[in-house]
Amino acid sequence: MERSDKGVRLARSVQNLFEQMGYASMCEVNLRIRRRVDVMGINDKGHILIAEIKSSVADFRSDGKWAEYLDFCDGYFFAVDEDFPTDLLPQDQGLIIADDFHAEIIRPAPDSKLNAARRKNITLRFARQAAYRLSQSSSEPSGL
């Protein structure tokens, strides 16, 4: 499914925030449960964050799968724009308010520690997807 222009802009702002926090991040990361998270970040200690971008109330109401992502991160955020009615979002998850240029954590995500085997699996999947995307975007012929 294609992401809206607004969703793309919010995701970029979340990626910039994650980078400022010391996380390497990527959009549209596939999980082993055949789901795809909007933004995932991993820092140098292996701590994993997920942000689910909600570009509208209808987007939030039509998406019941977000709870499945909690088992794949140490911290989970909803990321919305400043006009989104945040009282609709679960209060027990993190909250990021973003616009086209900036994102800010309004409510920290609760820290839920992944077990070592799952952390390794997620980190390897993230690395392989990043390497694949890099190889697909390379304009140089291989072997140079």
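Owing to the predicted nature of the structure, the values given are computational and were not obtained by experimental measurement.

A.B. asks: So what's going on with the side chain of Glu-52? Residues and values would help.
C.D. replies: Turning to its location among the elements, Glu-52 is positioned in strand β3 (residues 48–53). The class of Glu-52 is buried, set by a relative accessible area of 3%.

A.B. asks: Give a description of helix α1 (residues 5–20) that names residues and reports values.
C.D. replies: Counted at 1.5 Å a residue, the expected span for α1 with its 16 residues is 22 Å, and the 23 Å between its end C-alpha atoms agrees. Of all the positions in α1, only Gly-7, Leu-10, Ala-11, Ser-13, Val-14, Gln-15, Leu-17 and Phe-18 are classed as buried. For α1, the secondary structure elements touched by its buried residues are β1 (23–30), β2 (36–43), β3, β4 (75–80), β5 (94–98) and β6 (103–107). Taken from the residues just after α1, Gly-22 is the one with a positive phi, measuring 95°.

A.B. asks: Tell me about the pairing of β1, and name the residues and values.
C.D. replies: Here seven bridges tie β1 to β2, and the two strands are oriented antiparallel to one another. Looking across to β2, one finds that Cys-27 is bridged to Val-39. Adjacent in sequence and paired antiparallel, β1 and β2 are bridged by five residues, among which Arg-34 carries a positive phi angle near 60°.

Procedures and definitions
Residues numbered from 1 in each chain as written. Predicted model: local features only at pLDDT ≥ 70, side-chain atom pairs only at ≥ 80, totals over all residues. Heavy atoms only, no water. Helix = DSSP H or I, 4+ residues; strand = E, 2+ residues; numbered from the N terminus. Buried < 20%, exposed > 50% of the residue type's maximum accessible area, 1.4 Å probe, protein only. Expected span 1.5 Å × (residues − 1). Contact = heavy atoms within 4.5 Å. Pairing = 2+ DSSP bridges.

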